[in-house]
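The primary structure of each chain is shown beneath.
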Amino acid sequence: MIVGVVAGAAVLALVFIVVVFKLMWRVAEPNEALIISGSKHRMEGLEEGMGFRIVTGRGTLVLPGVQAVRKLSLDLNETELSVDCVTHQGIPLKVRGVVIFKVGDDFVSIANAGRRFLDQQKLMSERVHNVFAGHLRSIVGGLTVEDMIRDRDKLTGQTRAACGTEMEKLGLIVDSLQIHEIEDPTGYIKNLAMPHAAAVQRDARIAQAEANRLATEAEQQASARMAEATRDSEILQAGYQAERDNAAAKSRQAGPLAEARARQEVVVQETRVAELKAHRREQQLQADVRKPADAKAYEKRTLAEAERDVRISAAQAKAKETELAAAAEATRVKTAAGAEAEATKARGAAAATATRATGEAEAAAAQAKGMAIAESTRAKGLAEAEAIAARAAALAENQEAVVAQQLAENWPEIVKAGAGAFGNVEHMVLLNGAEGMSDMFTKALTMGGTGLGLARQLLASMNANGRVGAEGSPVNGFGPGGAGSASKRVPVDGEA
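Basis of the calculations
Residues numbered from 1 in each chain as written. Predicted model: local features only at pLDDT ≥ 70, side-chain atom pairs only at ≥ 80, totals over all residues. Heavy atoms only, no water. Salt bridge = Lys/Arg side-chain N within 4 Å of Asp/Glu carboxyl O. Helix = DSSP H or I, 4+ residues; strand = E, 2+ residues; numbered from the N terminus. Buried < 20%, exposed > 50% of the residue type's maximum accessible area, 1.4 Å probe, protein only. UniProt positions renumbered as here; feature names shortened; annotations may be inferred. Pairing = 2+ DSSP bridges. Axes fitted to C-alpha atoms, helices over the stretch in contact; angles between N-to-C directions. Contact = heavy atoms within 4.5 Å. pLDDT = per-residue confidence, 0-100. Polar contact = N/O pair within 3.5 Å; in protein donor to acceptor, adjacent residues only side chain to side chain.

## Things to note about the pattern of salt bridges
Going through the model one piece at a time under the given rule, you end up with 13 salt bridges. As a salt-bridge pair, Asp119 and Arg70 come within 3.2 Å of each other at their nearest N and O atoms. Taken together, the residues span a long stretch of sequence, with Asp119 in the loop between helix H2 (107-117) and helix H3 (124-141) and Arg70 in strand E5 (residues 68-73) at a distance of 49 residues. Of the charged contacts in the structure, one is a salt bridge between Arg311 and Glu307, with a shortest N-O distance of 2.8 Å. Within this pair, Arg311 and its partner Glu307 are both found in helix H6 (residues 188-346), separated by four residues, close to a single helical turn. A relative accessible area of 29% places Arg311 in the partly exposed class. Within this structure, Glu210, Arg213 and Glu217 form a network of salt bridges that share partners.

## A word on the UniProt feature "transmembrane region" (unreviewed entry) in the chain
Per the UniProt record, "transmembrane region" (unreviewed entry) is found at residues 6-25. Helix makes up 95% of residues 6-25 and strand 5%. Its end C-alpha atoms lie 28 Å apart.

## What about the sheet that holds strand E8 (residues 172-183)?
In spatial order, the strands read E6-E7-E8; together these three strands make up an open sheet with antiparallel pairing. Where the open sheet ends on each side, the last strands, each with one partner, are strand E6 (77-86) and E8. Neighbour to neighbour, the strand axes of the sheet diverge by 25° on average, direction disregarded. Across the sheet, H3 is in contact with E6, strand E7 (92-103) and E8; its angle to E6 comes to roughly 30°. Lying on the sheet, helix H5 (residues 152-169) is in contact with E7 and E8; it crosses E8 at an angle near 145°.

## Some words on the confidence of the model for the chain
In this model, the chain carries an average pLDDT of 75, and 72% of its residues clear a pLDDT of 70 or more. Segment residues 466-496: pLDDT under 50, and 31 contacts once partners within four positions in sequence are set aside and those in other chains are kept.

## Considerations on the side chain of Ser109
Within the secondary structure, Ser109 is located in helix H2. A distance of 2.8 Å separates the side chain of Ser109 from the side chain of Asp106, its partner in a polar contact.

## Some details on the sheet that holds strand E2 (residues 32-37)
Judged by pairing direction, the sheet is antiparallel, and its three strands sit side by side in the order E3-E2-E5 without closing on themselves. Taken across any chain shown, the strands that pair with only one partner, and hence form the sheet edges, are strand E3 (52-56) and E5. Looking at each pair of strands side by side, their axes are set apart by 25° on average, direction ignored. By the bridge criterion, six bridges tie E2 to E5 in an arrangement that is antiparallel. Bridge assignment links Ser37 to a residue of E5, and that residue is Ala68. Of the strands in this sheet, E2, E3 and E5 touch H2, which is tilted by about 120° from E3.

## Description of the environment of Ile35
Topologically, Ile35 is positioned in strand E2. In this structure, the C-alpha to C-alpha distance between Ile35 and Leu118, residues 83 residues apart in sequence, is 9.2 Å. Excluding residues within four positions of it along the chain, Ile35 makes contact with Phe52, Arg53, Ala68, Val69, Arg70, Leu72, Ile110, Gly114 and Leu118.

## Points about the side chain of Thr156
Within the secondary structure, Thr156 is located in helix H5. Residue classification places Thr156 among the buried positions, given a relative accessible area of 14%.

## Things to note about the pairing of E7
Here E6 runs beside E7; their pairing, made up of ten bridges, is antiparallel. Bridge pairing in E7 places Leu81 opposite Gly97. Counting the residues in the hairpin turn of E6 and E7 gives five residues, including Gly90, whose phi is positive at 85°. Of the strand pairs in this sheet, E7 and E8 are connected by ten bridges, and their pairing is antiparallel. By the bridge assignment for E8, Phe101 is matched with Val174.

Structure (structure tokens):
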């Protein structure tokens, strides 16, 4: 029970102490100063017997009922200046500006401001305006309009310097003083600026005229360059258009040109094909007609020549045999005659008998020799007659082979004579292309056929006129005893 009472008493005492401390403790804000009065205090920098205490930025104990606590604001304050002034020249002006001020942070300034504005803080701006207005009128009265216009910092500095002492006494400090505007109700400043404005306007007009001139020249140059560029562009465009037109014309002609080239290639190829066909046909004719005909003619000609050579050789052999026999007989007769003459001479035959024997021997020798020559000529004529008869028989059996043989031997001259018809032709036009070329070559090659027909007709007429019966009469006037025979009969003994 006692413990509870003691605890309750202690709690009550603690609560009482907290409440009392709360009522006694005061804290100064950063933008304010506490002025505590009611007891004697001594502070550094303040006069003795001031009778109050200043607290800033901290807390302090205040005895309720014994001490009084007041707050002095340390915030910035602003006052507008609108002061009617007269310059040193007697010209009325109205100066507008602003003053920004506050209570000083030191204890002396706070003490001075507290004594003067603690209960009249709202009238602080008015008091400051009155202080600055008086000093501003005094300062402007010693200056000219030109000085104020040209050097406002001088006006501001003099004003702050003049008001500094009084502001310090009031416990205030000036953070900023600005002269915003100087109004001139008489127009002095405007008139003062007119010469300069006129000069500036003149210079501006001159500069504007010069700029206009330069701009005009630049515009003219630009226009000239534009015209030149336009001309060059039009020339280039005309050139490009000409190139485009040329290209378009070439492109339009490309199709017909390509078609013409294609037709030309086709004609060239067709011509080559026709030439190849003609060459092939010529080769075919060579292989199919000329070669077999040449082979057959060569075979028959070879056989006829072989038979003829055999007969000629036999006739020559026989003639040689006859000649040798005649020579041997003549030699024998001569030998016998010589022997007889020698015998007769030896026996003392008469010279006439010897002479006659000699003549007879010589006559016998001449007769033997003539007979040998006649026999040889007769054998040669017989051989030629037999050859002619063999040729006539060959013509009678196969006239075409003989004519083909003659044509084959003379074929180059026949073809040359047929091609001579085209020797003076400069340009040849073939109406039916490759077929026309083939027909032309065929006609040129078959001209020999016409010659073959003419040869057949001539041979037929010759056979009809010159052929005789089977009794061995000569053909074409040649043969033994014929008109063309070269044989000659030699007289024998006792014949003239």
